[in-house]
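# Residue-level structure breakdown
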Amino acid sequence: MPARLPARILIVEDTLQFVDLVRLALRHLNADIQHVEYASDALSAIERFQPDLVLLDIGLPDMDGWHLLEALREQPTLTDKEPLVLVMTAYADAANRLIGKLQRVDGYLTKPCTVQEIRSAVVSVLQLLDTANLSDPRA
């Protein structure tokens, strides 16, 4: 089912420069974006913010993203409204992609990536109409 705009997006990422790139990529979606750097903050942020989409880094400083995703899937308060998950990671190997499939992630984007790739992946996962002029790299 397509998401409604403005979508709520939580970025779980410890590299602040990459967070800035994601924010730049999504600015024309007028999404409500929040960010946490640590997995330990992510579950409470998800419960409080109730995002439509979580952009999840796997290489977090306090817990890997796969363990965070397992914990998210076990949250009893989220069973009715579990957010979509787009993994954004430098781990492009087959083993991590397989874990992503087994964990039922909704998208997998390998870093480094461009503004256009981020925007396209988010639009695809959220099933949004192409209203953000995705073909224009200046957008």
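Quantities reported herein were computed from a predicted structural model and do not represent experimental measurements.

## Some words on empty space enclosed by the protein
In this structure the tally under the stated criterion is one cavity of 30 Å³ or more. Empty space within the largest cavity amounts to approximately 40 Å³. As for the largest cavity, its lining consists of Ile46, Val54, Leu56, Leu68, Leu69, Leu72 and Val85. Listing elements by their share of the lining of the largest cavity, those giving two or more residues are strand E3 (53–56) and helix H3 (65–73). Considering every element that reaches the lining of the largest cavity, the biggest residue donor is H3, with three residues. Its residues assigned to classes, the lining of the largest cavity comprises seven nonpolar, no polar and no charged.

## Some points on the pattern of salt bridges
For the structure shown, the criterion picks out four salt bridges. Its salt-bridge partner being Glu82, residue Arg73 comes within 2.3 Å of it at the nearest N-O pair. What you see here is one network of salt bridges that share partners, running through Glu13, Asp57 and Lys111.

## As for the environment of Ala39
By secondary structure assignment, the location of Ala39 is in helix H2 (residues 39–49). Here Ala39 falls in the buried class, since its relative accessible area comes to 3%. For the pair Ala39 and Val12, spaced 27 residues apart in the sequence, the C-alpha separation amounts to 7.1 Å. The residues touching Ala39, leaving out its near neighbours within four places in the chain, are Leu60, Asp62, Met63 and Leu68.

## Topic: the nonpolar core
Core analysis: the largest hydrophobic core is formed by 24 residues, its most contacted members being Ile9, Val22, Leu26, Leu53, Leu55, Leu86 and Val122. Looking at this core, the elements with two or more residues in it are strand E1 (8–12), helix H1 (16–26), E3, strand E4 (84–89) and helix H5 (115–126). The leading source of residues in this core is H5, at seven residues. Residues in contact with Val22, not counting those within four places in the same chain, are Ile11, Leu55, Met88 and Ile118. In terms of nonpolar packing, the next biggest core, distinct from the first, is built from 20 residues, Ile46, Val54, Trp66 and Leu68 among them.

## Considering the packing of aromatic side chains
One pass over the full model with this rule turns up zero aromatic pairs. Geometry around Phe18 places Lys111 over its ring, the cationic atom sitting 4.6 Å from the centre.

## Let's talk about the side chain of Arg119
With respect to the helices, strands and loops of the structure, Arg119 is situated in helix H5. Look at Arg119 and you get buried, because its relative accessible area is 1%. Polar side-chain contacts of Arg119 include one of 2.7 Å to the backbone oxygen of Ala25.

The rules behind the values
Residues numbered from 1 in each chain as written. Predicted model: local features only at pLDDT ≥ 70, side-chain atom pairs only at ≥ 80, totals over all residues. Heavy atoms only, no water. 1 Å grid on protein atoms, 1.4 Å probe; cavity = no way out; pocket = protein on both sides within 12 Å on 5 of 7 lines; lining within 4 Å. Points joined across faces, edges and corners; volume = space filled by probe spheres on them. Helix = DSSP H or I, 4+ residues; strand = E, 2+ residues; numbered from the N terminus. Nonpolar A, V, L, I, M, F, W, Y, C, P; charged D, E, K, R; others polar. Salt bridge = Lys/Arg side-chain N within 4 Å of Asp/Glu carboxyl O. Buried < 20%, exposed > 50% of the residue type's maximum accessible area, 1.4 Å probe, protein only. Contact = heavy atoms within 4.5 Å. Core = buried A, V, L, I, M, F, W, Y, C linked by side-chain atoms within 4.5 Å. Phe/Tyr/Trp six-rings, centres within 6.5 Å; stacked < 30°, edge-to-face > 60°. Lys NZ or Arg CZ within 6 Å of the ring centre and 35° of its normal. Polar contact = N/O pair within 3.5 Å; in protein donor to acceptor, adjacent residues only side chain to side chain.

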